[in-house]
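Residues per chain, in single letters:
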Amino acid sequence: MAVKKKRKAPAVENEIINLTNVSKAYSTGAPALKDVNLHISRGEFVFVVGDSGSGKSTLIKLLLRELTISSGYINVMGYDLSKIKHRKIPKFRRNLGIVFQDFRLLKDRNVYENVAFAQRIIQKSNKEIKKNVPSILAIVGLAGKYKAKPRQLSGGEQQRVALARALVNQPTILLADEPTGNLDPKNSWEIMKLLEQINENGTTVIVVTHNREIVNAMQKRVVTLRRGVIISDEEKGGYIDED
Ligand code: ADP
Ligand code: MG
């Protein structure tokens, strides 16, 4: 009896993100990303570093399918993002949590409502919301601050709210674009430690940062971009000096 040929093993075990020969050009200027090959496995923690303008945010936006690639192949969580139908994008994004440098909270809503809002969007029941929101606020250390409005909080606290909002729907991947860019060293460390803890609980975490001290100390995988090209990708890497 003929034995069926085994399928070729995937290049990376448990791959959750696959960029193969990806380029991205905006309508103006030089390409923002050039021939990027990046493979990330489920459960990894990855820092993305590089000078301003090197393409870090473009990479994050491609992963979110906020932008589409110009050429190559991109697959995130099994979705081929060049082919995904518009009506499928919300379902795809449900599995992503995202945190930005500038927090992006709803200014007229309190802490509890900012986090609950993310659950309402995906039509969670009030019963679930009442269970999930306090539990995630406790994890980020904001159990006593439900009623505060964003302007009544420090930068570090606001970023914790943003993190709680990103996590409350239990995303498969958490993307953070310079989450500590507006924070002092102490709060930066606390946010990074939270990200590490979230990763230890199984979430794949990708963090864009300029914080060389933290990158060097945490000993995670580090992907370095320079002018749209990955110039290094190291396990337990450090911050590469561009000077
Ligand atoms: P980084 O996040 O590393 O600072 P970006 O991904 O934001 O870099 O930008 C990479 C390059 O793409 C830069 O040269 C930037 O000027 C350019 N770029 C970013 N966004 C746009 C846009 N919407 N239109 C045109 N060029 C852009
Ligand atoms: Mg950026």
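Above this note sits the structure.
Caption draft 1: Representation of the nonpolar core within the structure. If you look at the biggest cluster of nonpolar residues, it comprises 41 residues, and the most contacted ones within it are Phe47, Leu163 and Leu195. Elements that contribute at least two residues to this core include exactly strand 3 (45-49), helix 3 (111-121), helix 4 (126-139), helix 5 (155-167), strand 7 (173-177), helix 6 (185-200), strand 8 (204-208) and helix 7 (212-218). Setting aside residues no more than four positions away along its own chain, Leu163 makes contact with Val99, Leu174, Ile191, Leu194, Leu195 and Ile198. Core analysis: the second largest hydrophobic core is formed by 31 residues, Leu33, Val36, Phe92 and Ile173 among them.

Caption draft 2: Main features of the site of ligand 1. Every residue lining ligand 1 is accounted for by Tyr26, Thr28, Ala32, Asp51, Ser52, Gly53, Ser54, Gly55, Lys56, Ser57 and Thr58. Here an oxygen atom of ligand 1 and a backbone polar atom of Ser54 are 3.2 Å apart. Take Thr58: an N or O atom from its side chain is 2.5 Å from an oxygen atom of ligand 1. When the free accessible area of ligand 1 is taken as 560 Å², the share hidden by the protein chains comes to 59%. Considered class by class, the residues forming the shell around ligand 1 number 2 nonpolar, 7 polar and 2 charged.

Analysis parameters
Residues numbered from 1 in each chain as written. Chains lettered and ligands numbered in written order. Predicted model: local features only at pLDDT ≥ 70, side-chain atom pairs only at ≥ 80, totals over all residues. Heavy atoms only, no water. Core = buried A, V, L, I, M, F, W, Y, C linked by side-chain atoms within 4.5 Å. Buried < 20%, exposed > 50% of the residue type's maximum accessible area, 1.4 Å probe, protein only. Helix = DSSP H or I, 4+ residues; strand = E, 2+ residues; numbered from the N terminus. Contact = heavy atoms within 4.5 Å. Near = heavy atom within 4 Å. Polar contact = N/O pair within 3.5 Å; in protein donor to acceptor, adjacent residues only side chain to side chain. Areas by Shrake-Rupley, 256 points an atom, 1.4 Å probe, with all protein chains shown as cover. Nonpolar A, V, L, I, M, F, W, Y, C, P; charged D, E, K, R; others polar.

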